[in-house]
Amino acid sequence: MNFIAIIGIVDQLTASVYNGFTTLKLKVEKPAIEAHDEDYYDVIDILVDVESFKNELDTITNGTVVGIKGRAKLINNNMQLISERLQVF
């Protein structure tokens, strides 16, 4: 099964669109085990289909809390996270 579910804070939404996708940089809290690090968040890039999530993308700004359901995909030998559902909180 290829399934991811992430809740995080939007760090940046890129304006550029490539092959119908834009990149959403999502800040997610690190596990407690790693909390001794200086930075408490990891920033994860998620590809979002611009056409499918047009209404949601119009409401997202930096600092917005979102939930993502999606899948992982290998693109050009790089692991990418692809959004299949996007919930703005």
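Residues numbered from 1 in each chain as written. Predicted model: local features only at pLDDT ≥ 70, side-chain atom pairs only at ≥ 80, totals over all residues. Heavy atoms only, no water.

1. Structural notes on the packing of aromatic side chains
Part 1 of the argument: Under the definition given, this model contains 0 aromatic pairs.
Part 2 of the argument: Directly above the ring of Tyr41 sits Lys27, whose terminal nitrogen or CZ lies 4.7 Å from the centroid. (Phe/Tyr/Trp six-rings, centres within 6.5 Å; stacked < 30°, edge-to-face > 60°. Lys NZ or Arg CZ within 6 Å of the ring centre and 35° of its normal.)

2. A few points about the nonpolar core
Part 1 of the argument: Membership of the largest hydrophobic core comes to 15 residues, with the highest contact counts inside it found for Leu26, Val66 and Leu86.
Part 2 of the argument: Residue assignment for this core shows that the elements contributing at least two residues are strand S1 (4-13), strand S2 (21-29), strand S3 (41-49), strand S4 (65-75) and strand S5 (78-88).
Part 3 of the argument: Dropping the residues within four chain positions of it, Val66 is found in contact with Ile6, Ile7, Gly8, Val10, Leu24, Leu26, Ile60, Leu86, Gln87, Val88 and Phe89. (Core = buried A, V, L, I, M, F, W, Y, C linked by side-chain atoms within 4.5 Å. Buried < 20%, exposed > 50% of the residue type's maximum accessible area, 1.4 Å probe, protein only. Helix = DSSP H or I, 4+ residues; strand = E, 2+ residues; numbered from the N terminus. Contact = heavy atoms within 4.5 Å.)

3. Section: the sheet that holds S4
Part 1 of the argument: Around the barrel, which closes on itself, the 5 strands sit in the order S1-S2-S3-S5-S4 with mixed pairing between neighbours. Taking the axes of each pair of neighbouring strands and ignoring which way they run, one obtains an average angle of 55 degrees across the sheet.
Part 2 of the argument: Alignment of S2 against S3, held across 9 bridges, turns out to be antiparallel. Looking at S3, one finds that Leu24 is bridged to Ile46. (Pairing = 2+ DSSP bridges. Axes fitted to C-alpha atoms, helices over the stretch in contact; angles between N-to-C directions.)

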